[in-house]
Structure formats: C-alpha cells, structure tokens
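Architecture and fold: a report
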Amino acid sequence: MKITVSSSIFKKGHAKMRLEGKVAIITGGGRGIGKAIALGMAGEGADIVITGRNEARLQQAEKEIKDVGVNTLAIKSDVSLMADIQDMVDKTIERFGQIDILVNNAAIYYPICPFLEKDEDSFDRITSVNFKGVYFCTQAVARHMVKRKYGKIININSDNARIGIPGLSDYAGAKGAMLALTRTIAAELSPLGINVNAIACGLTPTEGYMESNYPQELIDFFVGMAPLRRLGMPEDYVALAVLLASDDSSFITGQTIPVNGGASMP
Amino acid sequence: MVKRKYGKIININSAHARLGIPGNSEYTGTKGAMLAITRTIASELSPLGINVNSIACGLTPTEGYRESNYPQEMIDFVVGMTPLRRLGSPGDYVAMAVLLASDDASFITGQTISIDGGLAMP
Ligand SMILES: NC(=O)c1ccc[n+]([C@@H]2O[C@H](COP(=O)([O-])OP(=O)(O)OC[C@H]3O[C@@H](n4cnc5c(N)ncnc54)[C@H](O)[C@@H]3O)[C@@H](O)[C@H]2O)c1
C-alpha cells in the first residue's frame, strides 16, 4: 500500500510556510475575501498574482501583499473576457514560470431583485463573470497544470448554491453551476494530479456584498439561523483556503466545504 | 466545555454515511446517525461557543478496516471510481483535524467534510 502523506505532518511546528515555492493566482484579489486569501497564502510563502479590473485598487493590494515578503504581480484582467484570461496565464508564466494554485474568487453582485422581475442584462452579466469566467479561467490554467501533473484549484462558492435565498436567482444559479463544475472537473482532472475544491462562504459584509442591498431583516434571519450567530469575515476563509492549496490536503477533491457558521449543513 | 464556553468536537465519520456501498448496513447506519447528530449538536452547542464538525474518511487500510474483510474486487472498484485513484492513509485526515481543532476554523460548524479522494461529492 502506497502511503502518500509524508510523516513530517506529525512533527511539531509542521504547519508553517506550507506554500513556499508555489505560485498562486487569485482572481478578483484586489479586495474582500480574495484579498484576505491572497494575504494568507503570501503569509505561508506563496508568490502571489492578483487580477481584477480596477488598476488603482490592484496596485494598493499588490503593495500590501508585497509587504508580507513575497513576490507579487497584479494583472489588470477581466475574467469574462477570453483574451484577458489568456493574458493572465501568459503573464504569470512569463514572470514565475509556473502556476500551482488558482483561486476562482472574482464575482459580481446585483441588488436583490425578485425572480419575476429579473431581466436578461443582469442575468448575462452575472453568468458571464460568475460562471463563464470560472469555467474558462479554470480551463486555461488547468491546461498548464496538467503538463506538470500538479495543481490546486479552489472555487469560492456561496451558501446560495445550496440554500434558497430570495432575490438572488441569477447569482445563486451561477453558484449552483460552480457546485456542479467543482465535482465534474474534479472527476476529470484529479486523475491527472489536480485537486479541485470549493469553499462555500456564508454572508460576509464585504464591499461587493454591500452592493446586494440585503434587507436588514434577511441578515438578522440569517444570523439567527446560523448556530454560531454571526456573519462571516474575509479572514474566516483563509485557513481552509491555505489547507486546500497545500499538499496536506492531497486526498481532498471535489468538495464544496461550507464555512458559514452552520447556516447550512449539507 | 459549555462551562468554559469553548470547545471543538470532531467526529470521525465515513464515506459510508453518504454512499451506498454494499454490506455493513448496521455500521453505515451508525455513521448516518453521526451525520445527523453532528448537525443537531452543532445547532445546540455552537451558540454556547462549541464548534462541532466531522470528517468523513474514505477507505483506509488500518487494522480495524482489515477486520471488515472487504473483497479485493470491491476495493479495486472503489479505487477506480475515486477521482484521486487511491485509498486513504491515516495521515490524510490530520491537517483537517488540526484545522477544525484550531481557532482558525471558528466559523465552521455542523459540517461533515469528505476526505475520500472525491468518492463522495455531496
Ligand atoms: N461577501 C459575501 O457575503 C459572500 C458570500 C458567499 C460567497 N462570496 C463569494 O466570495 C467571492 C468574493 O466576494 P467578495 O464578497 O469579496 O466581493 P468583492 O466585490 O469585495 O470582491 C470581488 C472582487 O472580484 C473582482 N471582480 C469582479 N468582476 C470581475 C471580473 N469580471 N474580472 C476580474 N475581477 C472581477 C472585483 O473587482 C473585486 O475585487 C465571490 O466569489 C463571492 O461570490 C461572498
């Protein structure tokens, strides 16, 4: 029987600098949950690439990540544009020579709106960033990863994929697509050495989330339902993201792991 | 734990709780019960400061596992169906257990996390 986990895991102080020598791309890493994950991965020694559409914000985040003490690259790149996705991969390879970790974090929100009133415009924009963007970023990066038979893909998902929250039908639909995609891509790519997993985040008051205009009663309802009785913070997702990016989780694939205070327990 | 308003409970569950693998029905029944009580106890104790989670392990050739006498064809079938194409080893569950035992996972409760090479993808 092949034992694939190194016994160094049992040594005191093992869990330090677990991502040294790795290169991670975090899409939409300029703020919010993505930025927290970028900083956390930098703290474990990974070189970091962040992408996004807002250059000033990216530069600010790039500086903060660099201050952690790792090499950092910010790329202006829109995940809904195929040419930008290829450019993101090319620039990363040009600078670092490899991609070990992809965090599909970029997403957009729309103000809460009843299903019966939704229009095609918001549907198309949400699905093009939150689903198509994830799909083709993963494909472009995975084409590189399979050559090295190594890769960690982490999708940032939401409670919305599994619970019905009113007013977010297109956003939730795209996250449901991500749930299915995480399983399918794991089934296809894990035999080739790539782990594919997701973190299903709970409600977290980031700048993006504020754009959804959740009514206060809905937030109160959520907090009351969640056994831990609080909202999330971007920092809540960092340790699991680092674990999923590391070789300590080499037997985990295809999972969408809720970090949500217990708001849903699938 | 409730007196100190602090605690981390980690149940070691099995892929059997979520998959129909033939044989062993009373064992899998107990694991189904564990899946349910992980949720219920989380909903009762997390407001009191206790995180309750569980790890659903895949087939792992430990001494206890050998007592089940799984037929080789079934093991081969399971490995073939597993995206990572291998069985588990005890070390595979350590990092998640450490994470769940730490304060870095303070927002995780009620979850049963599958670590089984992708055999179950709930
Ligand atoms: N905040 C929450 O309550 C919550 C809950 C569950 C899941 N999530 C998920 O977490 C992830 C991060 O969300 P957040 O709350 O930090 O939001 P945010 O808006 O603060 O951050 C999202 C980032 O993605 C970038 N982005 C948006 N569209 C892009 C595009 N086309 N190309 C490249 N970058 C783009 C944004 O500029 C921003 O930097 C998202 O996938 C979101 O769905 C958030």
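Here's a quick rundown of the structure. Predicted, not measured: the structure shown is a model, and the values here were computed from it. (Residues numbered from 1 in each chain as written. Chains lettered and ligands numbered in written order. Predicted model: local features only at pLDDT ≥ 70, side-chain atom pairs only at ≥ 80, totals over all residues. Heavy atoms only, no water.)

Here's the deal with the packing of helix H3 (residues 82-96) of chain A against helix H4 (residues 120-148) of chain A
All names here are of chain A. One can describe the packing of H3 onto H4 by two numbers: an axis separation of 10 Å at closest approach and a directional angle of 35°. Read as a crossing pair, H3 and H4 show a hand that is right-handed. Of H4, the residues touching H3 (which contributes Met82, Ile85, Gln86, Met88, Val89 and Ile93) are Lys132, Gly133, Phe136, Cys137, Ala140, Val141 and His144. Looking at the contact of H3 with H4 residue by residue, the classes come out as nine nonpolar, three polar and one charged. (Axes fitted to C-alpha atoms, helices over the stretch in contact; angles between N-to-C directions. Helix = DSSP H or I, 4+ residues; strand = E, 2+ residues; numbered from the N terminus. Left-handed = near helix turned anticlockwise from the far one by under 90°. Contact = heavy atoms within 4.5 Å. Nonpolar A, V, L, I, M, F, W, Y, C, P; charged D, E, K, R; others polar.)

Describing helix H1 (residues 32-43) of chain A
Spanning 12 residues, H1(A) covers 17 Å between terminal C-alpha atoms, matching the ideal 16 Å at 1.5 Å per step. Buried within H1(A) are the following residues: A:Ile33, A:Gly34, A:Ala36, A:Ile37, A:Ala38, A:Gly40, A:Met41 and A:Ala42. (Expected span 1.5 Å × (residues − 1). Buried < 20%, exposed > 50% of the residue type's maximum accessible area, 1.4 Å probe, protein only.)

Some remarks on the site of the ligand
All names here are of chain A. Surrounding the ligand, one finds 28 residues, the nearest of these being Asp78, Tyr109, Tyr171, Thr204 and Thr206. One nitrogen or oxygen atom from the side chain of Asp78 is found 2.7 Å from a nitrogen atom belonging to the ligand. Note that an oxygen atom of the ligand is positioned 2.9 Å from one of the side-chain N or O atoms of Lys175. About the coverage of the ligand: the protein hides 98% of its 820 Å² of free accessible area. Sorting the residues of the shell around the ligand by element identifies H1, strand S5 (151-158), helix H5 (169-189) and helix H6 (207-210) as the ones contributing at least two each. Residue composition of the shell around the ligand, grouped by class: 12 nonpolar, 11 polar and five charged. (Near = heavy atom within 4 Å. Polar contact = N/O pair within 3.5 Å; in protein donor to acceptor, adjacent residues only side chain to side chain. Areas by Shrake-Rupley, 256 points an atom, 1.4 Å probe, with all protein chains shown as cover.)

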